[in-house]
Structure formats: C-alpha cells, structure tokens
Amino acid sequence: MKSVMGLLAGVLLSQSAMAASDISLKQAYAPHFLVGTALSMAQIEGKDPAALGVVQQHFNALTAENVMKWEELQPKEGDFHFGPADALLKLAEQQQATLIGHTLLWHQQTPAWVFTGPDGKTASKALLLQRLTTHINTVVGRYKGKVKGWDVVNEALNDDGSLRDSPWRKILGDDYIVTAFQLAQAADPAAELYYNDYNLYNPEKRQGAVRIVQQLQKAGVKLTGVGMQGHYGLDYPDLQQVEDSIVAFAATGAQVMITELDITVLPRVDDNAIGADISLNQKLQQQLNPYSQGLPAAIEALQQQRFTGLFRIFLRHSDTISRVTLWGVNDQQSWRNNWPMQGRTDYALLFDRQNQPKAVVKALLNLVDEVKP
Ligand code: XIL
C-alpha cells in the first residue's frame, strides 16, 4: 500500500513539476541557457502579432534574421538605415530579451559597392579596411551596451576547414578575421564577440574553427564564443559529431552557442545542400516537395526525436552552451521553405503555421525535468 502511495505521490509530483515548466521554454531552460529565436522584418514590424506572443512566452534572446546585415544597414556607402534594427531593439527591451547582433562581416548579403573601388575595379586593401572600420564603428557604436554580443565574422571557412576565398580574404589577407574582431572590441569593449559558421560538426571544419579561435587568442583579441549555426536535417548530422565539436570548442576556453537551429523534414536536394550556403537557389521540383498538404505524424515524430536528441546534448554541455537560438518562430517564416529550393513546404521549427506549439515543445519541456539531478 505504502509503495502504491509513494508511486502515486511520485506521479503527482512529476505532473506538477511538468505543469510548472509547461509555462515556457525560456523559463524551463533558464537554469541552463537562453532560448532564442530570429525575427523577420514582417515580425519586427508587428505584422504577425501571434508570433510576437510566442516570442514573449517562450524566447528570451532575439536575433535579426536579416535586418542587421550589411545590405540592410548600409545599402549604399554612408547611407545607414537603422529603422528596422532600432525597432528590433525596442522589441527586445519591451520583452526583456537579450539582443544578439548578426552579423558584421560576411561575404553574403553585403552590397557589391563594398568590394568595388572608385574605378569600378576591386577595391584596394586600404579602402576596404576603411569601409569595414566605418561600418563596425557605426553599427557597434550605435548599439553599444544594447546588443549583448555580435556575430563578428560569419562563414569564413570552407567545409574542409581552410579559409574561404571570399572578397574579404582576397583583398585584406588572412588577418582580416583578427582585424574585424579588433574593431568590434574597440567599438564596444563589453560586448561578447562570436565566430559563427555552419557545418561546424564536420571534423575538418571544426578544426578550422579551432584554428580561428587560436589565431584570435594568440593575437590577444577578445573571442567570447563559437556559434554553431545548426541548419540540420532528419538524417544529418551525426549527433556524436555535434557533441564532439562542442567539446572541442569548450577545450579552447570559448563558449558555444547554437545560433540558427532548424531541422528540415524535406528530402535532400543534393549533397551541397547540407549546411547553409545561401547562394543555392534551385527551382521547385514537386517530387521533392512531398508534404505540401500536411506533415505525416511519423515524420513529425522523427523530427521531434532529432530535436530532443540535440537538446539532450545541449543540456549535457550547458556549462559551455550559453544560448540555443532557433532560426525563426514558426514553420511559415522558416527560410527552409525556400532554401536550397524555392517554394517548398517545410516544417523546420518548433511552432506551426498558426503559431501553435508542435508536440516537440512539450517534449523539450519534459526533457528539462528528466535531466534534473
Ligand atoms: C538567411 C535568412 O533566413 C533568409 O531570410 C535570407 O534570405 C538569407 O539568409 N546563415 C546565416 C543566416 O548566417 O544569416 C542565413 O539567414 C541562413 C544561413
């Protein structure tokens, strides 16, 4: 009898514990790490109020999906547009959420003028350096004390771990990463500074990122953490490799954040379409768009398994991981509907097209209780 009572009490206890953490992802995970999301321009402009409700309830870190990229902030030389980024800052303040800056230096979503000289040819090193300095000083200076941390350099690596031959590298040389971090550090000495990239679970690319961290450390420049983007699928990556990378980055003394998590449920377009090379832009092929009428429960269950498998790892390494950010609030918004192929119907996030929590949300809430000591 006693043991039955005990069992009953246990069940009741775990039910009430579940009810408490049922409130929100950000509350449930607060002892471990921030849970963030990325907001689109439309969301920042208040065009999807239900999404903002989800953000308020579940997320405590905000990243601009696009509006803090170079092409948005400085589309023409010296012509800065801060409206949408300022609106995001206001939203973050209203919601008492941490604001993350994405991104200062990238080879994508950067206007061509940045790399072009007055003669129409490739810009000189001095000119590009001057433009980078102006951009970082102006942007980081404006949000000094407001943005907690910046993705200073985004996607500097090839998949084999070597440095990508981007215009930045071609014109400024291999030191450009150190330079960018130095500039950001000088513009806001208190801001956290991150190196951010995709496919960092891949052992070769992992080594490349470790080399970047060490290069910065050797130069005596601040590097707070490594951002692992996390654009994943149902059959990739190998979760053990994700964990190995977290451990490898932690060993350098860097923090780790998962910065752009989403899990596509759609068939693979081709082998290059693993990762996040945003230049991929294939035309819609209906045979690769199988769930336009709805997602089969079995596939959703597989995705839930992937999400919980990942969060289990993140919880295990919560002393290293300071934030896990989903790349969007709801399935409608997700860039994966259009990348690497345009116009598909994907289900890559935690909330559905009506901003309702998918079953995975409950599973992630339960997971926290499960791993409690
Ligand atoms: C994506 C946005 O989600 C899209 O809206 C945009 O059209 C292209 O960029 N890696 C990054 C992000 O660092 O900035 C990218 O975001 C996805 C890949």
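Located above this text is the structure these notes cover.
Description of the structure in this document. Predicted, not measured: the structure shown is a model, and the values here were computed from it. Numbers given to residues run from 1 along each chain, matching the order in which its sequence is written. Only residues with pLDDT of at least 70 get local features here, since the model is predicted, and only at 80 or more are side-chain atom pairs given and counted; chain-wide, interface and lining totals rely on the full set of residues. The basis for every side-chain value is the complete set of non-hydrogen atoms in the structure, without hydrogens or water.

**Observations concerning the overall build of the chain**
Here is step 1: A count of helices and strands for the chain gives 13 helices and nine strands.
Here is step 2: For this measure, only C-alpha atoms enter the radius of gyration; the expected value for a globule follows 2.2 Å times N^0.38, where N is the number of residues. Taken over C-alpha atoms, the radius of gyration comes to 21 Å for the chain, in line with the 21 Å a tight globule of 373 residues would show.
Here is step 3: Dimensions of the chain, computed from the C-alpha atoms along their principal axes, are close to 85 × 50 × 40 Å.
Here is step 4: Buried residues are those whose accessible area, probed at 1.4 Å on protein chains only, stays under 20% of the maximum for their type, while exposed residues exceed 50% and partly exposed ones sit between those limits. The burial tally for the chain puts 55% of its 373 residues in the buried class.
Here is step 5: Any two residues whose heavy atoms approach within 4.5 Å at even a single point are treated as in contact. Intrachain contacts of the chain at a sequence separation of at least 6 include 80% that bridge at least 24 residues.
Here is step 6: Only the protein chains shown count as cover for residues, and the accessible areas themselves come from Shrake-Rupley with a 1.4 Å probe. Carbon and sulfur atoms make up 53% of the accessible area of the chain, which totals about 15500 Å².
Here is step 7: Here the positive residues are Lys and Arg and the negative ones are Asp and Glu; neither His nor the chain ends is included. Just so you know, the charge point we use is NZ for Lys, CZ for Arg, CG for Asp and CD for Glu. Side chains of the chain carry 33 positive and 38 negative charges; the gap between the two charge centres is 3 Å. Counting from the N terminus, the helices are the DSSP runs of H or I reaching at least four residues and the strands are the DSSP runs of E reaching at least two.

**A word on the packing of helix H11 (residues 239–251) against helix H12 (residues 297–316)**
Here is step 1: Lines fitted to C-alpha atoms define the axes here, with helix axes fitted over just the stretch in contact, and angles between the N-to-C directions of these axes take values from 0 to 180 degrees. Between H11 and H12, the least distance of the axes is 10 Å, while the angle of their chain directions is 25°. As the angle between them shows, H11 and H12 are arranged roughly parallel. Crossing geometry of H11 relative to H12 is assigned as right-handed. For the pair H11 and H12, the contacting residues are Leu239, Val242, Glu243 and Ile246 in the first and Arg306, Gly309, Leu310, Ile313, Phe314 and Arg316 in the second.
Here is step 2: Here the residues of the contact of H11 with H12 are counted per class, giving six nonpolar, one polar and three charged. Angle categories are assigned with fixed cut-offs, so that under 35 degrees is roughly parallel, over 145 is roughly antiparallel, 65 to 115 is roughly perpendicular, and the rest are oblique. If you view the pair so one helix is near and one far, a crossing is left-handed when the near helix is turned anticlockwise from the far one by less than a right angle, and right-handed when it is turned clockwise. All amino acids are sorted into three groups, where Ala, Val, Leu, Ile, Met, Phe, Trp, Tyr, Cys and Pro are nonpolar, Asp, Glu, Lys and Arg are charged, and the leftover types, Gly among them, are polar.

**Describing the site of the ligand**
Here is step 1: We call a residue near a molecule or strand when any one of its heavy atoms sits within 4 Å of it. Among the 15 residues in the neighbourhood of the ligand, the closest are listed as Glu65, Lys69, His102, Glu260 and Trp327.
Here is step 2: Think of a polar contact as two N or O atoms within 3.5 Å of one another; within protein, one of them needs to be a possible hydrogen donor and the other a possible acceptor, and neighboring residues in sequence only count if both atoms come from side chains. A distance of 2.5 Å is found between an oxygen atom of the ligand and a side-chain nitrogen or oxygen belonging to Glu65.
Here is step 3: In the environment of the ligand, a nitrogen atom lies 3.1 Å from a nitrogen or oxygen atom belonging to the side chain of Glu155.
Here is step 4: Burial of the ligand by the protein chains amounts to 85% of its free accessible area of 410 Å².
Here is step 5: A breakdown of the residues in the shell around the ligand according to their chemical character gives five nonpolar, six polar and four charged.

**Here we look at the packing of helix H10 (residues 203–218) against H11**
When two helices pack together, their arrangement is captured by the angle between the axes and the distance separating the axes.
Here is step 1: Here H10 crosses H11 at 15°, and the two axes come no closer than 10 Å. When the interaxial angle is binned, H10 and H11 end up roughly parallel. Crossing geometry of H10 relative to H11 is assigned as right-handed. Side by side, H10 and H11 meet where Pro203, Arg206, Ala209 and Val210 of the first sit next to Gln241, Asp244, Ser245, Ala248 and Phe249 of the second.
Here is step 2: When grouped by side-chain class, the residues that make up the contact of H10 with H11 number five nonpolar, two polar and two charged.

**Focus on the pattern of salt bridges**
Here is step 1: We define a salt bridge as a side-chain nitrogen of Lys or Arg found within 4 Å of a carboxyl oxygen belonging to Asp or Glu. Tallied over the entire structure, the rule returns twelve salt bridges.
Here is step 2: Here Arg142 ties to Asp86 by a salt bridge, and the two come within 2.6 Å at their closest N and O atoms. Placement of Arg142 in helix H7 (residues 125–142) and of Asp86 in helix H6 (residues 83–94) is noted, with a sequence separation of 56 residues between them.
Here is step 3: We classify Asp86 as partly exposed; its relative accessible area is 26%.
Here is step 4: A salt bridge links Lys205 to Asp197, with the nearest nitrogen and oxygen atoms 3.4 Å apart.
Here is step 5: For Lys205, a relative accessible area of 0% puts it in the buried group.
Here is step 6: Among the residues examined, Asp197 registers a relative accessible area of 0% and is labelled buried.
Here is step 7: Because the salt bridges share partners, they merge into one network encompassing Asp159, Asp197 and Lys205.

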